[in-house]
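So you can see what is in the structure, the chains are spelled out below.
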Amino acid sequence: MRLQQVWLRVAGGRIRDVRPLEGEVVIEREGQCERYPNCWALPGFVDAHGHLLHYGLELEQPSLRGCQSAEECVERLRHWEPNRGEWLLGAGWNHEHWNPPVWPEAALLDAIFPDVPVVLRRVDGHALWVNSEALRRAGIDDETPDPPGGLIVRTATGKPTGVLIDAAAELLLRHIPPPSPVEMRRALLRAAAQLVRYGITEVHDMDVDPQWVPLFHELATAGQLPIRVQSYIRAQAGQWKTAGLLPTTGEFFQLRGVKFYADGALGSYGAALLEPYADAQPHAGILFFSSEALEQAVREALQTGWHVAIHAIGDAAVRQVAHLFHRLGAVGDPEQRRRIEHVQIVHPADIPVLAEAGVIASVQPLHCIHDAPMARRRLGMRCSIPYPWQSLLSAGIPLAAGSDFPIEPPDVLAGLAAFCLRLPPGETMPWYPEERLDIEQALAAYTIWAHYAAAVDDRRGLLLPAYDADIVVLDRNPANCEPAELSTVRVVAVYVAGVRRWPAGEALAG
Ligand SMILES: [Zn+2]
């Protein structure tokens, strides 16, 4: 029983004593009792896949989430000043929600911002909407060819319209000044302070640039990180090697693993599929590595002591990664976890291979319900299963849950509801109902199994003596809620290492 009305005594960052209670949660520390009548306690939540720095930076930028049109986006931006040097950055637009769902154009932005370069990231991070001044500063014009793996959206006469997709976005992003150390520090603290409000006590931070590592160390050493961070360093181009990084241990910050990409994303046709996209024949996406090259890189990481996380979304990429981990089964230590990130489209034949290889599936329930309309168009009919949570679990594969923030909000309660309902917004029927989880499975994916994915399950993920005092207090027992109510359960208090980080921890936001 993980979710309880209990009396918990904590000291030295650990749980020292646990006793059952009726009708309330009591947390006693340093002789003082904090009482939460009618509340329930459970181990702190983990977000097993997110991007802390980007989330923090986006929190300080105009948000275009929920805008129903390009015009509404521009209206929201109207009073913003440049927020990165001379540039104005924003994020969160999604033209799939507009009527009609067409790409936005630079001209709309130019009317309000003739001189300030404006760059707006699409909600999935795979496309930019920019104004003419931004194109001018990046030197992108009619003559600029599409880079490999990228697309500059153009008019019939070849003029860029203001949307840059995947690799084409890089042509522009390199002209934006990077955040200053002060901005980075503020962004990280702001991100962590926000996450803790969702009941999150630990994150697995993906695609960490080696250059950010000293800042994390500094914040952790100074006791300024309110939550625990497991870092997965960029490895696509061997960045961890170039920077000379090795795994580290620590209470609040660890260099835990390295992160590879086997393919791209479904929305932008970058996910590698076994059969062509139903809405882009004969295109079938692309594998970023040959199996030999990826195997060599992963072998080296395992031999160095890293955990290995590999992004694989399409069924061809999942197959490549499943067989690769299977072949490397004897390399390294079993405690060095092997993770497949997203694992969205899976051929049934590959599930036993993943299970035998001891792979952990890192999944994002909110992606499933928000992607469903798009995924149906991309996939059409095929025998691979989209977001096959129950099939993976039944084969003995642990699920670690995350949000991929800032792409989705790090809202764990909404994630629990998505796991249990698989109900895309605005629809009335669950999508692949047989793949839903029950609430116990869903909670495990956000707690004990996620801790297993970082190999700290021997001291986190249960409310037991000697376990870390990472605790979330909720106003209702999710196990007794109707699934449709889950997203309204409220986080009342959050403790990390025995210290109340929320609501008391707000000053940490700095
Ligand atoms: Zn991600």
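Numbering of residues starts from 1 in each chain and follows the order in which that chain's sequence is written. For a predicted model such as this one, the threshold for reporting local features is a pLDDT of at least 70, and the threshold for listing and counting side-chain atom pairs is 80 or more; totals across whole chains, interfaces and linings nevertheless cover every residue. Excluding hydrogens and water, the side-chain values take into account all heavy atoms of the structure.

Concerning the overall build of the chain
Selection criterion: Each helix is a run of H or I in the DSSP string that is no shorter than four residues. Each strand is a run of E no shorter than two, and both are numbered from the N terminus. The globule rule used for comparison is 2.2 Å times the number of residues to the exponent 0.38, while the radius of gyration itself is calculated over C-alpha atoms. For this analysis, residues touch if any pair of their heavy atoms sits within 4.5 Å. Computed by Shrake-Rupley with a 1.4 Å probe, the accessible areas treat only the displayed protein chains as cover when residues are assessed. Positive charges are assigned to Lys and Arg, negative charges to Asp and Glu, while His and the chain termini are left out of the count. One atom stands in for each charge, and that atom is NZ of Lys, CZ of Arg, CG of Asp or CD of Glu.
Along its length, the chain carries 16 helices and 23 strands. The C-alpha radius of gyration computed for the chain amounts to 23 Å, which stays within 12% of the reference 24 Å derived for 510 residues, consistent with globular compactness. Judged by the C-alpha coordinates and their principal axes, the chain covers about 75 × 50 × 50 Å. Sequence separation of at least 24 residues holds for 70% of the intrachain contacts in the chain that already meet a minimum separation of 6. As displayed, the chain offers around 20200 Å² of accessible surface, 54% of which is attributable to carbon and sulfur atoms. With 45 positive and 62 negative side-chain charges, the chain shows a spacing of 4 Å between the two charge centroids.

Observations concerning the nonpolar core
Side chains of nonpolar character tend, in soluble globular proteins, to be buried together. Cut-off, in case you're wondering: Here, nonpolar core means buried Ala, Val, Leu, Ile, Met, Phe, Trp, Tyr and Cys residues that are tied together by side-chain atoms lying within 4.5 Å of each other. Buried, partly exposed and exposed residues are distinguished by accessible area as a fraction of the type maximum, computed with a 1.4 Å probe on protein chains only: under 20%, between the cut-offs, and over 50%, respectively.
In terms of nonpolar packing, the biggest core is built from 107 residues, with Phe45, Leu266 and Val298 touching the most fellow members. When residues of this core are assigned to their parent elements, the largest contribution, eight residues, is made by helix H6 (residues 181-197). Not counting chain neighbours up to four residues away, the residues in contact with Phe45 comprise Tyr198, Gly199, Ile200, Thr201, Glu202, Val412, Leu413, Leu443, Tyr446, Thr447, Val472 and Leu474. Counting 18 residues, the second-largest nonpolar core is a separate cluster that includes Leu77, Leu109, Ala127 and Val153.

Observations regarding the coordination of the zinc ion
Worth spelling out the cut-off: Donor atoms: N, O and S within 2.8 Å of the metal, or within 3.2 Å for Na, K and Ca. Because water is excluded, sites can look incomplete.
Within the protein, His49 (NE2), His51 (NE2) and Asp404 (OD) serve as the donor atoms for the zinc ion, at 2.1 to 2.2 Å. Each donor residue of the zinc ion lies on one chain, and together they are spaced H-x1-H-x352-D. Residue His49 is located in strand S6 (residues 45-50), and its partner Asp404 is located in the loop between strand S20 (399-401) and helix H14 (412-421); the two are separated by 355 residues in the primary sequence. Residue Asp404 is classed as buried on the basis of its relative accessible area of 5%.

A few points about the pattern of salt bridges
Inclusion rule: Note on definitions: salt bridges are taken to be side-chain nitrogens of Lys or Arg within 4 Å of carboxyl oxygens of Asp or Glu.
Under the defined criterion, the tally for this structure stands at 35 salt bridges. Residue Asp146 is joined to Arg154 by a salt bridge in which the shortest nitrogen-to-oxygen separation is 3.1 Å. Overlapping salt bridges, with partners in common, bring together Arg14, Glu202, Arg228, Glu251, Arg459, Arg460, Asp468 and Asp470 in one network.

Some thoughts on the packing of aromatic side chains
For any pair of aromatic rings, geometry is given as the distance between the ring centres together with the angle between the planes. To be explicit about the condition: Here is the rule: rings of Phe, Tyr and Trp (six-membered ring for Trp) pair when centre to centre is within 6.5 Å. Planes less than 30 degrees apart are stacked, more than 60 are edge-to-face, and the remainder are tilted.
Counted under the stated rule, the structure contains 14 aromatic pairs. Plain terms: the ring middles of Trp240 and Trp306 are 5.8 Å apart, the flat faces sit at 70 degrees to each other, and that makes the pair edge-to-face. You can see Trp240 sitting in helix H8 (residues 239-242) and its partner Trp306 sitting in the loop between helix H9 (291-303) and strand S15 (307-312), a full 66 residues away along the chain. On the basis of relative accessible area, Trp306 is assigned to the buried category, the value being 0%. Connected via pairs of aromatic rings, a cluster forms that spans Phe45, Trp389, Phe419 and Tyr446.

Observations concerning unusual backbone geometry
Phe405 connects to Pro406 through a cis peptide bond whose omega is 10 degrees. In this fold, Pro406 is placed in the loop between S20 and H14. With omega at 5 degrees, the peptide bond leading from Trp502 into Pro503 counts as cis. Within the fold, Pro503 resides in the segment after strand S23 (499-502). For Tyr432, which is not glycine, the phi torsion reads 50 degrees and is therefore positive. In this structure, Tyr432 sits in the loop between H14 and helix H15 (439-446).

Here we look at H9
The criterion, for reference: Given a helix with a known number of residues, its expected span is that number minus one, times 1.5 Å.
Taking 1.5 Å as the rise per residue, H9 with 13 residues should run 18 Å; its terminal C-alpha atoms sit 18 Å apart, in good agreement. After H9 finishes, the residue Gly305 shows a positive phi value of roughly 105 degrees.

Concerning the side chain of His307
The line we're drawing: Counting of polar contacts relies on pairs of N or O atoms within 3.5 Å, with two restrictions inside protein: one atom must be capable of donating a hydrogen and the other of accepting it, and residues adjacent in sequence are counted only when both atoms are side-chain atoms.
Take His307: it is sitting in strand S15. Reaching out from His307, the side chain makes a polar contact with the backbone oxygen of Glu335 at a distance of 3.3 Å.

Re the sheet that holds strand S2 (residues 14-20)
This is how the line gets drawn: The pairing criterion for strands is at least two bridges between them, as found by DSSP. The angle between two axes is taken between their N-to-C directions and runs from 0 to 180 degrees, where each axis is a line fitted to C-alpha atoms and a helix contributes only its stretch in contact.
Judged by pairing direction, the sheet is mixed, and its four strands sit side by side in the order S2-S1-S3-S4 without closing on themselves. Both edges of this open sheet fall to S2 and strand S4 (32-37), since each of them pairs with a single strand only. In this sheet, adjacent strand axes meet at a mean angle of 15 degrees when their direction is disregarded. Pairing geometry for strand S1 (residues 6-11) and strand S3 (residues 24-29), over four bridges, is parallel. Directly across from Trp7, in S3, lies its bridge partner Val26.

What to know about the packing of H6 against helix H7 (residues 213-221)
We apply this condition: Reported orientations rely on four angle classes, namely roughly parallel under 35 degrees, roughly antiparallel over 145, roughly perpendicular from 65 to 115, and oblique for the rest. By definition, any crossing whose near helix is turned counterclockwise from its far helix by less than a right angle is left-handed, and any crossing with a clockwise turn is right-handed. Only Asp, Glu, Lys and Arg are considered charged in this grouping, and only Ala, Val, Leu, Ile, Met, Phe, Trp, Tyr, Cys and Pro are considered nonpolar; every other residue, Gly among them, is considered polar.
Running from amino to carboxyl end, H6 crosses H7 at an angle of 55 degrees, the nearest separation of the two axes being 11 Å. The orientation of H6 with respect to H7, classified from their angle, is oblique. Seen along the crossing, H6 lies across H7 with a hand that is right-handed. Residues Met184, Arg185, Leu188 and Leu189 of H6 touch H7, and the partners they reach there are Leu215, Phe216, Glu218 and Leu219. In the contact of H6 with H7, the residues fall into six nonpolar, no polar and two charged.

Points about the pairing of strand S10 (residues 150-154)
In this structure, S10 lies alongside strand S11 (residues 160-166), joined through four bridges in antiparallel fashion. Opposite Ile152, over in S11, you have Leu164 as the bridge partner. Following S10, the chain reverses through five residues before pairing antiparallel with S11; Gly158 in that reversal takes a positive phi of roughly 95 degrees.

So, the domain arrangement of the chain
What counts is decided by this rule: Domain delimitation follows an automatic or database domain assignment.
If you check the domain split of the chain, you get domain 1 (85-173) and domain 2 (180-459). Counting from both sides, the interface comprises five residues of domain 1 and, opposite them, four residues of domain 2. For the pair domain 1 and domain 2, the interface holds one salt bridge. For the pair domain 1 and domain 2, the number of links is one residue pair in polar contact (both at pLDDT 80 or more).

Description of the pairing of strand S9 (residues 127-130)
Here S9 shows a buried face lined by Ala127 and Trp129 and a second buried face lined by Leu128 and Val130. Bridging between strand S8 (residues 118-122) and S9 involves three bridges; their strand directions are antiparallel. Paired with Val119 across the strands is Val130, a residue of S9. Taken together, S8 and the strand that follows it, S9, pair antiparallel across an intervening segment of four residues, in which Gly125 is found at a positive phi of about 75 degrees. Examined bridge by bridge, S9 and S11 share three bridges and lie antiparallel to one another. Paired with Ala127 across the two strands is Ile165, which belongs to S11.

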